[in-house]
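Structural overview
Okay, here's what each chain looks like letter by letter:
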Amino acid sequence: MTLPTARDPAAGWAEVARAPQPGADELADFEILGPAPGAGQLYVAVRPANAADGDTRTVRIYDFNARSWSAPQWPALKYDISSIVWRQGGHELAGACYVADVFGCDFKDPELQARARGLSRYFQGRRNVQPVSVSADGRLWVLSVSGADLPGAYYLFDAEKKDVALVGERYPELPEAVLGKAEPFAVKARDGTAIPAYLTRPPNAGDGPLPTVVLVHDGPRARDSLDFTPLVQFLATRGFQV
């Protein structure tokens, strides 16, 4: 698949970048994240082209008029950037998000950064916390929250009162108490690289050995995380550790 552009239709189309078909082994050169402040500009996550670019994707601006990339717009992170947050009311970059054990975001504004860290602590660093709506004054946030043993719920965060209240669960018939518990650990590869992995044990399981199912993640386009996986919970609630 190619991304073309044409400033003058009479002049024909020019290739900007090429992305592989689904299922191809090759990774895409970049991923569109959303509009940038300037006309004809997009924020994109760009794959490293060489060792000098580091190990993870960087946020850059692609200018369709100049047909060029900007310098990185966000400090290098340990993890690939998966999405961005815009400054309220515009398209200026306010934050960058990524998936580690859970989904998280870093913000330029110290106050927003403090709120994000506070919410992470509130959910004990074990939940994927994503703001889905924010009031015009920035006080009230609707949060989408999920985890390995939480199929999904919505919370209301009052930044002024520093209060978090449950609004509703997506699947109330699947309470946390009846689902398997997941813990992160690392598997060391032959070259010494630590590969993140997760072990989910049945609810109320003791310390003894259990029948085990190993689910091997494909890649390298994505990674697993502490998010709800129906197949894992199906097996764990039937006595398997996964």
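Up top you'll find the structure we're talking about.
First, a word on what this report is: a plain description of the structure on this page.

Definitions and cut-offs
Residues numbered from 1 in each chain as written. Predicted model: local features only at pLDDT ≥ 70, side-chain atom pairs only at ≥ 80, totals over all residues. Heavy atoms only, no water. Helix = DSSP H or I, 4+ residues; strand = E, 2+ residues; numbered from the N terminus. Expected span 1.5 Å × (residues − 1). Buried < 20%, exposed > 50% of the residue type's maximum accessible area, 1.4 Å probe, protein only. Arc of directions from axis to C-beta. Contact = heavy atoms within 4.5 Å. Polar contact = N/O pair within 3.5 Å; in protein donor to acceptor, adjacent residues only side chain to side chain. Salt bridge = Lys/Arg side-chain N within 4 Å of Asp/Glu carboxyl O. Pairing = 2+ DSSP bridges. Disulfide = S-S within 2.5 Å.

Before going further, it helps to spend a moment on helix α1 (residues 110-122). Look at α1: 18 Å from first C-alpha to last across 13 residues, which is about the 18 Å you get at 1.5 Å a residue. Residues of α1 that are buried include every one of Arg-115, Ala-116 and Leu-119, and no others. For α1, the arc enclosing every buried residue in end-on projection is 100°, short of the 170-degree limit, so these residues lie on one face. Exposed and oriented more than 90 degrees from the buried face of α1 are Pro-110 and Arg-121. Those residues of α1 that are buried lie in contact with β9 (103-107), β11 (140-147), β12 (150-158) and β13 (163-169). Its side-chain oxygen at 2.9 Å from the backbone nitrogen of Glu-111, Asp-109 defines the N-terminal cap of α1.

The next thing to look at is the environment of Val-145. With respect to the helices and strands, Val-145 occurs in strand β11. Here the alpha-carbon distance between Val-145 and Asn-128, two residues 17 residues apart in the chain, equals 5.5 Å. Among residues more than four places away in sequence, those in contact with Val-145 are Phe-123, Arg-127, Asn-128, Val-129, Leu-150, Gly-152, Ala-153 and Tyr-155.

Attention now moves to the pattern of salt bridges. For the coordinates displayed, the defined rule picks out 10 salt bridges. Notably, a salt bridge pairs Lys-181 with Glu-176, separated by 3.8 Å at the nearest N-O pair. Looking at Glu-176, the relative accessible area reads 41%, which means it is partly exposed. Linked by salt bridges that have partners in common, Arg-127, Asp-149, Glu-176 and Lys-181 make up one network.

Another point: the pairing of strand β10 (residues 128-134). Pairing of β10 with β11, which is carried by 6 bridges, proceeds in the antiparallel orientation. Looking at β11, one finds that Gln-130 is bridged to Ser-144. Connecting β10 to the antiparallel partner β11 that follows it, the hairpin turn spans 5 residues, and Gly-138 within it adopts a positive phi of roughly 80°.

This brings us to the state of the cysteines. In this structure the tally under the stated criterion is 1 disulfide. Each sulfur in the disulfide pair Cys-97 and Cys-105 lies 2.0 Å from the other. Sign of the S-S torsion, about 100° for the bond between Cys-97 and Cys-105, identifies this disulfide as right-handed. According to the relative accessible area criterion, Cys-97 is buried, its value standing at 2%. Classification of Cys-105 by relative accessible area gives buried; the value is 10%.

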